[in-house]
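Chains, contacts and geometry: an overview
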Amino acid sequence: MQFPLNRPSQIARRGAGQTHSADGPREPLGAVAIGAALTAASEYDRFEKVNPRQARTMETSAIDIPQVVTDKWQEITNLLAELVQVPAALVMRIEPPEISVFVASKSQGNPYQPRERACLNTGLYCETVMRTRQFLLVPDARDDDEWRSNPDIKLGMISYLGLPISWPNGDIFGTICVLDHKRNAYREVHHRLLLLLRDAVEADLRSVFLYETRLVDEKRVKERLEAQVTERTAELAKINDALSLEVAEHKRAAAALRESEQRFRDYTETASDWLWETGPDHRFIRLSEQLATIGVDPALRIGAARWDFATDLEEEPEKWRRHVATLEAHEPFHNFRYGTTRGDGSVLHIAISGKPVFDPEGRFLGYRGTTTDLTAAVRAEHAEKALQQAQAELARVARLTTMGELAASIAHEINQPLTGVLANGNAGLQWLNRDKPDLDEARNALSCIVSDGTRAGEVIRGLRALAKKSGPELVQLDINDAVREVQALTRSELQRHGVTLHTDLSADDRPVFGDRVQLQQVLLNLIMNGIEAMRAVTERPKTLAITSEPVEPSGVLVAVEDTGTGLDPATADRIFDPFFTTKSDGLGMGLSICRSIIDAHGGRLWVSPGVLYGTVFRFTVPGVLSS
């Protein structure tokens, strides 16, 4: 009696003294798996209809697996280990009170050997698979209290993916599984591959089961065959029809397999975190189960369009209009970003890419593509904006702190023109109150009043600009004008500390591109630091020099040099660090903020010792906006 497998063979029960041999070229494993599943399933269905009692009561534990089947399973495990890229792929068989390694892949690093046995009820992965009759995925047994004491860990196998294998009458045969010596969450394609190969194994079990049951009736069948030649001829005709149907089914399955391979190639071309597929109406028909790891139930999205769950549909209607237009035009798209919600209601920011799919006749079938979780990146962008706002506010506080230190000098600077206004006003009245008013002197007094008022107004405008709370305003400006305005604010402070100010500003009036208030804050801070550095100097003149000169390609270099005590070599490399200060009452933020401001302008701030003594701070400001 011929054993019902796709490749011709002869099989005998173990111990009967017979052998098996291959009579023809071997077919590819995919064809064997599909053909065996189709043939065995149809043969077993016919047998069960005729002999339902015998199918249910067959003692499966006593059935021997022929060598031809074992050899085929060896190919399956070898292929499985190679495709999944793991050291071990196994077919296990339950033999109470033990479970044995029935077939083990011949892959490098596989610690399991065929016919190796282990006792049941010891916490093996396969026991759970057989008990639940479901997929079991253990990415890393060391991280799971349920699996931490698993015996396979002693062999280095810490990750597991397995499926139950059943006889056609429902009895458990064992499992088909893969194990890895490193953490492995296994991809969806691995799950599908395991299902396909499990189906091939179960197809072989149907054939073995059918063969064993037929042996029981073989004698009776042979006796009946001699009397039923005519009937058998009709049956052969039916079998021929069935074979024709099987060929057609085989072609359909082959086409489905090719389509599946193309699908995974498409996924690879747009590789990302999660996979999806939509139909012609742009509603989801497939979603990766990995979506559950970010709090989205894939089952709830099937049959819905992505805009059904979007949170920014009303905020950005034009973006969605363009996206829908792309879909209706059946064009590919990349990195379309939008917001959606998790199962708990929290917002999820994602980006999707997709390409249209067409059948061989050119009919549009839908889209396939990938999804990437951008939530962490979006949150980082928000945090960066908040940090920039905090830095701007800190810089404004630093300006106000410096202005507080200059309060007496600023008051004196404003008081001088106000005193001049009063004096010139009184003088003007006296010239007008004479019996013969001196109009020329009165005009001169009024001109002085206007000049002093203008000077006081400039000081006040400079103070208001430095104190205002606003973001950077990058405009073209003359850096020399900014120097002169700060000079006016600090004139009294320089005089109070006996400091002589020298300026040598460039005659080149090339403009720079920057924020006037922020650049004046840098100059103000450097001038105050220079005054502080010369406070203890008594043996030489206290001199502060401010110079400017053009630098290529179109920028300006500004230098502030003092004749103070100079830099301490032990702390010179930390002078720009936040919160580092040599002042007993300092915050250590002034120079750090100055460097941040110059860096944001695309320039550079640095310090060096003076030629004889003191310190020189230099900074550059580009003439064009830095990219």
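Residues numbered from 1 in each chain as written. Predicted model: local features only at pLDDT ≥ 70, side-chain atom pairs only at ≥ 80, totals over all residues. Heavy atoms only, no water.

The next subject is the overall build of the chain. Helix and strand counts for the chain stand at 14 helices and 18 strands. If you take every contact in the chain between residues at least 6 apart in sequence, the share linking residues at least 24 apart comes to 63%. Accessible surface, the chain as shown: approximately 34,100 Å² in total, 53% of it carbon and sulfur. (Helix = DSSP H or I, 4+ residues; strand = E, 2+ residues; numbered from the N terminus. Contact = heavy atoms within 4.5 Å. Areas by Shrake-Rupley, 256 points an atom, 1.4 Å probe, with all protein chains shown as cover.)

Below, the discussion takes up a nonpolar patch on the surface. Among the surface-exposed residues, Leu236, Ile239 and Leu243 lie close enough to one another that they form a single nonpolar patch of about 250 Å² accessible area. Within the secondary structure, Ile239 is located in helix 6 (residues 229-269). (Patch = residues over 30% accessible without salt bridge, like charges linked within 9 Å, V, L, I, M, F, W, Y side chains within 5 Å. Salt bridge = Lys/Arg side-chain N within 4 Å of Asp/Glu carboxyl O.)

Glancing now at the packing of aromatic side chains. By the definition in use, this model includes 15 aromatic pairs. The rings of Trp276, Phe284, Phe333, Phe358, Phe364 and Tyr367 are connected pair by pair, giving a single aromatic cluster. The aromatic ring of Phe102 is capped on one face by Arg115, whose charged end is 4.6 Å from the ring centroid. The ring centre of Trp606 lies 4.1 Å from the NZ or CZ of Arg604, which sits over that ring. (Phe/Tyr/Trp six-rings, centres within 6.5 Å; stacked < 30°, edge-to-face > 60°. Lys NZ or Arg CZ within 6 Å of the ring centre and 35° of its normal.)

Take the confidence of the model for the chain next. Model confidence for the chain is summarised by a mean pLDDT of 80, while 78% of its residues fall at 70 or above. Under a pLDDT of 50 for its full length, residues 1-34 has, in the predicted model, 62 contacts with residues more than four places off or in other chains. (pLDDT = per-residue confidence, 0-100.)

This part is about empty space enclosed by the protein. Applying the stated criterion to the full structure yields three cavities of 30 Å³ or more. Of the voids in this model, the largest cavity is the one considered here, and its volume is about 170 Å³. Phe284, Leu291, Arg301, Tyr338 and Ile350 are the residues nearest the centre of the largest cavity, which is lined by 15 residues in total. When residues of the lining of the largest cavity are assigned to their parent elements, the largest contribution, three residues, is made by strand 10 (residues 347-358). Residue composition of the lining of the largest cavity, grouped by class: 11 nonpolar, two polar and two charged. (1 Å grid on protein atoms, 1.4 Å probe; cavity = no way out; pocket = protein on both sides within 12 Å on 5 of 7 lines; lining within 4 Å. Points joined across faces, edges and corners; volume = space filled by probe spheres on them. Nonpolar A, V, L, I, M, F, W, Y, C, P; charged D, E, K, R; others polar.)

Attention now goes to the pairing of strand 8 (residues 284-287). Across a regular strand the side chains alternate sides, sitting on one face of the sheet and then on the other. The sheet contact formed by strand 7 (residues 274-278) and strand 8 spans three bridges and is antiparallel. Following the sheet pairing, Thr278 is matched in strand 8 by Phe284. Following strand 7, the chain reverses through five residues before pairing antiparallel with strand 8; His282 in that reversal takes a positive phi of roughly 65°. (Pairing = 2+ DSSP bridges.)

Moving on: the sheet that holds strand 8. With respect to topology, five strands assemble into an open sheet ordered 8-7-11-10-9, the strand pairing being antiparallel. The sheet is open, and its two edges are formed by strand 8 and strand 9 (333-341), each paired on a single side. Across this sheet, the average inter-strand angle for adjacent strands is 30°, counted without regard to direction. Where strand 10 meets strand 11 (residues 364-373), nine bridges bridge the pair, whose relative direction is antiparallel. Paired with Phe358 across the two strands is Phe364, which belongs to strand 11. Where helix 8 (residues 317-328) meets the sheet, it contacts strand 9, strand 10 and strand 11, and its direction lies at approximately 130° from that of strand 9. (Axes fitted to C-alpha atoms, helices over the stretch in contact; angles between N-to-C directions.)

In this section: the packing of helix 12 (residues 479-496) against helix 13 (residues 516-533). Packed helix pairs are specified by the crossing angle of their axes together with the interaxial distance, meaning the distance between the axes. Relative to each other, helix 12 and helix 13 sit at 40°, their axes nearing to 9 Å. In terms of orientation, helix 12 and helix 13 fall into the oblique class. Every pair of crossing elements has a handedness; the one defined by helix 12 and helix 13 is right-handed. Packed against helix 12, whose contacting residues are Ile479, Asp481, Ala482, Val483, Glu485, Val486, Thr490, Glu493 and Leu494, the element helix 13 presents Arg516, Leu519, Gln520, Leu523, Leu524, Ile527, Met528 and Ile531 at the interface. Of the residues in the contact of helix 12 with helix 13, the class split is 11 nonpolar, two polar and four charged. (Parallel < 35°, antiparallel > 145°, perpendicular 65-115°, else oblique. Left-handed = near helix turned anticlockwise from the far one by under 90°.)

Our focus in this paragraph is the sheet that holds strand 17 (residues 605-609). Pairing is mixed across the open sheet formed by five strands, whose spatial order is 13-15-16-18-17. Among the strands making up the open sheet, the edge pair consists of strand 13 (500-504) and strand 17. Within the sheet, the average angular offset between the axes of one strand and its neighbour, ignoring direction, is 15°. Sheet topology places strand 16 (residues 555-562) next to strand 18 (residues 615-621); six bridges connect them, and they run antiparallel. Note that in strand 18 the partner of Glu561 across the bridge is Val616.

The subject of this paragraph is unusual backbone geometry. Cis geometry is adopted by the peptide bond preceding Pro97, which originates at Pro96 and carries an omega value of 5°. One non-glycine residue, Asn335, lies in the positive phi region at around 55°. Looking at the element boundaries, Asn335 is found in strand 9. The partly exposed category is assigned to Asn335, whose relative accessible area is 40%. (Buried < 20%, exposed > 50% of the residue type's maximum accessible area, 1.4 Å probe, protein only.)

Here we come to helix 13. Taking 1.5 Å of rise per residue, 18 residues should cover 26 Å, and helix 13 covers 26 Å from first to last C-alpha, within 8% of that figure. With 15 of its 18 residues buried, helix 13 lies for the most part within the structure. Here helix 13 starts with a cap whose side-chain oxygen sits 3.1 Å from the backbone nitrogen of Val517, and that cap is Asp515. (Expected span 1.5 Å × (residues − 1). Polar contact = N/O pair within 3.5 Å; in protein donor to acceptor, adjacent residues only side chain to side chain.)

Here we come to the environment of Thr340. Relative to the helices and strands, Thr340 resides in strand 9. If we skip the residues at most four places from it in the chain, Thr340 touches Arg301, Phe309, Thr311, Ser346, Val347, Leu348 and Ile350. Here the side chain of Thr340 touches Phe309 through a polar contact of 3.0 Å, landing on its backbone oxygen.

Turning to its location among the elements, Asn169 is positioned in the loop between strand 5 (159-166) and strand 6 (172-180). Between the C-alpha atom of Asn169 and that of Thr60, which follows or precedes it by 109 residues, the distance is 8.8 Å.

So, on to the pattern of salt bridges. Should their charged atoms come close, side chains of opposite charge can pair. Counting across every chain of the model gives 28 salt bridges. Arg183 is the partner of Asp143 in a salt bridge, and the nearest nitrogen-oxygen pair spans 3.6 Å. Linking Asp143 in the loop between strand 4 (136-138) and strand 5 with Arg183 in the loop between strand 6 and helix 5 (188-227), this pair joins segments that are 40 residues apart in sequence. Close ionic contact of Asp308 with Arg283 constitutes a salt bridge, the shortest N to O distance being 3.2 Å.

Our next topic: helix 8. An ideal rise of 1.5 Å per residue puts 16 Å on 12 residues; helix 8 measures up with 16 Å between its terminal C-alpha atoms. Every buried residue of helix 8 is accounted for by Lys319, Trp320, His323, Thr326 and Leu327. Buried residues of helix 8 fall within an arc of 115° about the axis and therefore sit on the same side. Those residues of helix 8 that are exposed and aimed more than 90 degrees away from the buried face are Pro317 and Glu328. His330 sits one or two residues past helix 8 and shows a positive phi near 55°. (Arc of directions from axis to C-beta.)

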